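What follows is the residue order along each chain.
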Amino acid sequence: MQDLAVPVEHKERKLNSGNQTRREDTFVKKLPKVMEIKKAHVLGVILTAGIIGYFGIPHISRTACQPVGQVDLYKTFSVLPRQTDLDETFLMLPRLSYPQPFVDKPQRTDVLLMSPWLAPIVWEGTFSRDILNAQYRQKNLVVGVATFAVKKYVRFIEGFIGSANKFFLSGHRVNFYLFTDHPEKVPSMKLDPEKRLFIIPVQNYSRWQDISMNRMDIISSYIRSHWRYEVDYLYSMDIDVQLFEHIGVEIIDTLVGTISSWQYTKPRESNSYERRPESRAAIPSGEGDFYYAASFYGGSISEVYKLTTACFKGVTEDRANGIEAKWHEESHLNKYLVYHKPTRLLSPEYYWDEELIRPRIVRVKRLSSVRKDLKEIRF
Ligand code: UD2
């Protein structure tokens, strides 16, 4: 019907531009009766569809000034409205003097500087702390450090807090959150003005493995109840370590893992991942990037919340199924980081095990384990 009528109507209009209405009436009248019925039928269908469309599609009935596409999106795809805070303030920074970077002159050629998912790997000689500090200061951030000293591990408190006060984010605001079952044994220590120490009582467990694993649950709970209001980034650190060199804002990123000093050159098949499929920490054969140490990880408060919650969920499910992952929460951390890639990786400089001989590529020992007699300290 349309194919027939449109060209004719068009022709009539063209021919009779002086008296358009009358000529169109004539055109309709001239149609055979059967065609008239069909046309009326089609017009009826179009009209009905129009009415249904008008009342059925929500955006048509809204006022014209509303952003039609936006409203439609929220309704149709449940896209949450978001708001980005806009800030026009900025600090005037002093001039910085440093060697110019060149794209054809990499700072280091002896180590991997970037993961295949484009996360930087932090090594000595690859960054300028002055530039990083100048950028970081503009943000007015607070970093939290969660650490545990339960049972005999209270002996490590002084060495850890003392060295971290000096070398951890020197000159920047840091809250140390120390969980211990012996608050009375925490020695009094003088901290820099930007540093604060919070002592939080915590219960102990008979098994050292449970103390270690439950850290994930405690961190997750404190993020939910306190830390999301107090700090911007959070790092979890073992207590039986000491810092020997600066660990600065080069560690700040959304999700940060430290490559283990024991396994940084091992092929994935021979490192310490949990491979038993019954465990929630299992990483299937053929998968895995690096082996990450649970002694030092962190990131933005929201990402560390996700990580610790997910890892403890894995620990809990394993407990219910009567299985414990090979390296406890460290196995769950490794599983998580295979599928949620860290946005920044710290090289083994950031956790060097004292038992190992340091190779040339590890130019600096920033943080290192304190030797301990496992049999004596864990029982
Ligand atoms: C590895 C991990 C550690 C954890 C553990 C689980 C590294 C370098 N470290 O270290 O993070 O995943 O394996 O198997 O990868 N703690 C106490 N009291 C105790 C026992 C532990 O407070 O009685 C706390 C303390 O903060 C300690 C941490 O738990 O630093 C981990 O325990 P660990 O250092 O003895 O574990 P380790 O050396 O096997």
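Residues numbered from 1 in each chain as written. Predicted model: local features only at pLDDT ≥ 70, side-chain atom pairs only at ≥ 80, totals over all residues. Heavy atoms only, no water.

Enquirer: Would you explain the site of the ligand in this entry?
Expert: In the neighbourhood of the ligand, 21 residues make up the surrounding shell, with Phe148, Tyr153, His328, Glu329 and Glu330 lying closest. Lys372 has a polar side-chain atom sitting 2.8 Å from an oxygen atom of the ligand. At the level of secondary structure, the elements contributing two or more residues to the shell around the ligand comprise strand 2 (143-149), helix 7 (208-230), strand 8 (292-300) and helix 9 (328-339). The dominant element in the shell around the ligand, judged by the number of residues it contributes, is helix 7, at four residues. Taken together, the residues of the shell around the ligand break down into eleven nonpolar, three polar and seven charged. (Near = heavy atom within 4 Å. Polar contact = N/O pair within 3.5 Å; in protein donor to acceptor, adjacent residues only side chain to side chain. Helix = DSSP H or I, 4+ residues; strand = E, 2+ residues; numbered from the N terminus. Nonpolar A, V, L, I, M, F, W, Y, C, P; charged D, E, K, R; others polar.)

Enquirer: Got a minute to help me understand the pattern of salt bridges in this structure?
Expert: Pairing between side chains becomes possible if they bear opposite charge and their charged atoms approach one another. Counted under the stated rule, the structure contains 21 salt bridges. Arg207 is the salt-bridge partner of Asp210, the closest N and O atoms lying 3.2 Å from each other. The class for Arg207 is partly exposed, based on a relative accessible area of 32%. As a salt-bridge pair, Glu349 and Arg366 come within 3.1 Å of each other at their nearest N and O atoms. A residue pair is termed long-range when its members are at least 10 positions apart, and Glu349 in the loop between strand 9 (344-346) and strand 10 (367-369) and Arg366 in the loop between strand 9 and strand 10 qualify at 17 residues. Residue Glu349 shares its accessibility class with Arg366, and that shared class is buried. Here the residues in one salt-bridge network are Arg207, Asp210, Arg319 and Glu324, joined through shared partners. (Salt bridge = Lys/Arg side-chain N within 4 Å of Asp/Glu carboxyl O. Buried < 20%, exposed > 50% of the residue type's maximum accessible area, 1.4 Å probe, protein only.)

Enquirer: I'm lost on the environment of Phe148 in this one. Help?
Expert: Here Phe148 shows up in strand 2. For the pair Phe148 and Ile239, spaced 91 residues apart in the sequence, the C-alpha separation amounts to 6.1 Å. The residues contacting Phe148, other than those within four sequence positions of it, are Phe179, Arg215, Ile218, Ile219, Met237 and Ile239. (Contact = heavy atoms within 4.5 Å.)

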